[in-house]
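Chain residues, written in single-letter form:
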Amino acid sequence: MYSACVPTLVYALFGQSRQLAVGPVAMVSLLVEAGLNGQLGPECDKDGKAQYINCKEQYVALACLTAAVVGIMQIVASILQLGFLVSFLGHPVISGFTSGAAIIIGLSQIKYVLGFDIPKSQYVYDTVINVVSSIEQTKGMPLLLGIVWFAYLYTNKKIAAKYPRLKMMGPLGPLLSCLLGTLLLYFVPTLRDELHVKYVGSIPSGIFPISISSWQIDKIPLVIGTAISSCLIGYMESIAIGKNLAAKHGYEIEAGQEMFALGIANLVGAAFSCYPVTGSFSRSAVNNGTGALSQLSGVVTGLVMFATLMFLTPLFYYLPKFVLAAIVMNSVLPLVAFGEAKHLFFVKKNDFVLWVTAFLGTLFLGVLMGIMVAVGLSLVIVIYESVRPQITILWRIPGTTIYRSMKQESRGSFIPHVFICRIGSSLYFANASFVKDMLMAYVEDLEDVNKTEYVVIEMTPVVSVDSTACHVIKDIVNDFRSRGLQVAFAMVGNRVDKTLRKAGLKSFIGEQWFFPTVEEAVIYCIKHQHAMKMRSMQTTVQDTDADAIDISAISVHPGNEIGFSNDLHASCSMVFINLVKDVPMIMSDLTAVFKRNQITIIRAQIDPLEDSGAKHIYFIKSIKSGSKLSELETQRVREDLEVVLRKHKCSSNDDLIPTSPSRVSFADDLQGTGGQTDRMLRLEQALEQQMESTKMMQSRLDELRFTQGTCFPMSCGGRSLVGKAQPPKSP
């Protein structure tokens, strides 16, 4: 009760959340009990009872010292901006830990329902063994009343959630159950005197005592572990609730200020006999549901609790413990998130393993050890994934300057002799060698598919590099150049660029090999490749120095291309048609192709290119499905469009592809493959042969119909098959 009064008033003065209710919570209470249990020495271990029963004053002093240490930690952490440390406690870890802790909390209350004492333990197997071994001591009346009260609370919560008009019944349920239980024991003495129903008894009234004098600095090592776990878990729980409520009501809270407010609340509370507190899920929900709009609600709560301490404690004398147990068990039941574990199993197996580790560790290793094991495993997974960053192979969507992952875009094309990839994370000593090995392996694996002469590395996700990574980058460039390959870097960030300059890598690699976009890097590689070929034709000596090659006179332009993408737009397929030379009225032929394939054009865009070229962009949908094109529809449309482009190319005397030695086509005709023209000719011939075969078959079917009197569905419009009329036989 002290912890529900003083810290609540202090947080209302320093906190930013308008609905957050600060006070004692089950999770932090469990951490404190588990951490301080056994810290008082053997003199407090008597009669098999917990130390907080045998040595109350010493235990309270340790709890207050823990609150003071937690407060100091949170204040210092807010000043040093260390709030990011809670990010290591991922959602799977917290969910698994909360589920395990909820079961432990629920089992700790079962003794008040069964009617006999059970030694308190943070290990679930100890509690289960103790319950099973003493099950014959179960008292019938406390068990019956506990089940009835729990059923009422559970049903009350479900009804309040189902019917909006009765939503206030949810928070009022525990209050009504306490009132009814107290009245029941007060008016029926037989329950407490003969039927073994336990109740709270006397609660000291009056103002909260000052406890600063009980702080013992030499006992800090005993509580430091408990303080650290309470600090992290408490802050994380509080900031999660606070941000959620702030988002609902349209305002912002600052994480650092929240940590500072909790630190002040814990430090001041520790001076007035309070143990560690944080934001409460349940009380914050009640606070929000009752319409709290400012921190004044916390002040009102603190004052009501103060009045209760001063004048109303006698009213709780006959409050049954089975009622409190039912309230606690009903409150922790939603925290057991088995459904979340099932969801994580289908979403990501690593997160499921973390959830199970935290859950089982909390149940069988204890609260502190369980969460430490889960956090340790999560750090191992983070380190493992960071030392193996994703290397994504990129290819170009034909007709565009867009380069996407092969896994994301299935209709791309490689740039001849250019390997393009993206490094998926920052480079540091632990992953730099892995990146080098993967790049070498990819180049070797693609040797038969697209012989590599240039490597373009996109570095957008690389936000930092260390000295080890700089050495590895230098080794990568040296190794590739020793094989006759050049390396270009695209989209290098400012921080990485500064590090590379300081390390001398920009001058070593050459400024000309760094580009703001992948498109510019690819164009430069093609120019360099063309210049090298021209130079090899002029001299037998191969000069690989880029500075000695004049590429300024070389221009690169895209060839005739058709590109499709189902990923660049949310609801439409996109078609990109690049023409080296625009053809009048070609759009009518293109739209006829779409119409013939039952495709509607949502939007069309035509952009002029240099030297009379044009770029067509169409946003299309299938009329049949009302959505994006399927693979089969895409293939059919592509073939028809290629026929159109082939026809117009032949009529324009092959002017679409320039032949000047100073100009380089960005891609071969249409799809960038040398055999595309032959394939189109074969396709046209196959279509003509199919049409002739169809005509011959139709003629043959007509002959059969007239000679035999048989009607086939193809030539009768689907009429039923009938034979030639036969004269009736004589009897």
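Coordinates for the structure precede this section.
Notes on the structure in this doc start here. (Residues numbered from 1 in each chain as written. Predicted model: local features only at pLDDT ≥ 70, side-chain atom pairs only at ≥ 80, totals over all residues. Heavy atoms only, no water.)

A few words on the sheet that holds strand S7 (residues 486–490). Where strands meet in a sheet, backbone hydrogen bonds hold them as pairs that are either parallel or antiparallel. Ordered by their spatial adjacency, six strands build an open sheet running S4-S3-S5-S6-S7-S8, and the pairing between neighbours is mixed. Strands with a single pairing partner mark the edges of an open sheet, and in this sheet they are strand S4 (403–405) and strand S8 (514–515). In the sheet, strand S6 (residues 454–458) pairs with S7 via five bridges, with the strands oriented parallel. Across the sheet, the residue bridging to Val-456 is Ala-488, located in S7. The strands that helix H20 (residues 467–482) touches are S6 and S7; relative to S7, the one it contacts most, it runs at about 140°. (Pairing = 2+ DSSP bridges. Helix = DSSP H or I, 4+ residues; strand = E, 2+ residues; numbered from the N terminus. Contact = heavy atoms within 4.5 Å. Axes fitted to C-alpha atoms, helices over the stretch in contact; angles between N-to-C directions.)

Attention shifts here to the side chain of Asn-156. Looking at the secondary structure, you find Asn-156 in helix H8 (residues 140–162). Within the structure, the side chain of Asn-156 is placed 2.6 Å from the backbone oxygen of Met-169, a separation counted as a polar contact. Residues contacting Asn-156, with those up to four places away along its chain left out, are Met-169, Gly-170 and Gly-173. (Polar contact = N/O pair within 3.5 Å; in protein donor to acceptor, adjacent residues only side chain to side chain.)

Here the focus is helix H12 (residues 255–270). An ideal rise of 1.5 Å per residue puts 22 Å on 16 residues; H12 measures up with 22 Å between its terminal C-alpha atoms. Those residues of H12 lying buried are Glu-258, Met-259, Ala-261, Leu-262, Gly-263, Ile-264, Ala-265, Asn-266, Gly-269 and Ala-270. On its buried face, H12 is in contact with helix H1 (6–14), strand S1 (22–23), helix H4 (56–79), helix H11 (220–249) and strand S2 (278–279). (Expected span 1.5 Å × (residues − 1). Buried < 20%, exposed > 50% of the residue type's maximum accessible area, 1.4 Å probe, protein only.)

Ordered by their spatial adjacency, four strands build an open sheet running S10-S11-S13-S12, and the pairing between neighbours is antiparallel. Looking along the sheet, the strands with just one partner apiece sit at the ends: strand S10 (561–565) and strand S12 (599–609). Across the sheet, the mean angle from the axis of one strand to that of its neighbour is 15°, orientation sign disregarded. With five bridges connecting them, S10 and strand S11 (residues 573–579) associate as antiparallel partners. Along S11, the bridge assignment pairs Glu-561 with Asn-578.

In this section: the pairing of S6. For a regular strand, side chains alternate in direction, first toward one face of the sheet and then toward the other. Counting buried residues in S6 gives five out of five residues, a clear majority hidden from the surface. Covered by surrounding structure in S6 are Tyr-454, Val-456 and Glu-458 together with Val-455 and Ile-457, the residues of both alternating faces. Examined bridge by bridge, strand S5 (residues 418–423) and S6 share five bridges and lie parallel to one another. Paired with Val-418 across the strands is Tyr-454, a residue of S6. At this point the chain moves from S5, through helix H19 (residues 432–445), to the parallel S6, and the crossover so formed is right-handed. (Right-handed = clockwise from strand over helix to strand, strands pointing away.)

Our next topic: the nonpolar core. The biggest cluster of nonpolar side chains holds 54 residues, and the ones touching the most others in it are Ile-420, Leu-439, Val-456, Ile-457, Phe-480 and Phe-489. When neighbours within four sequence positions are excluded, Ile-420 is seen to be in contact with Thr-392, Ile-393, Leu-394, Tyr-403, Ile-415, Val-456, Val-518 and Val-522. (Core = buried A, V, L, I, M, F, W, Y, C linked by side-chain atoms within 4.5 Å.)

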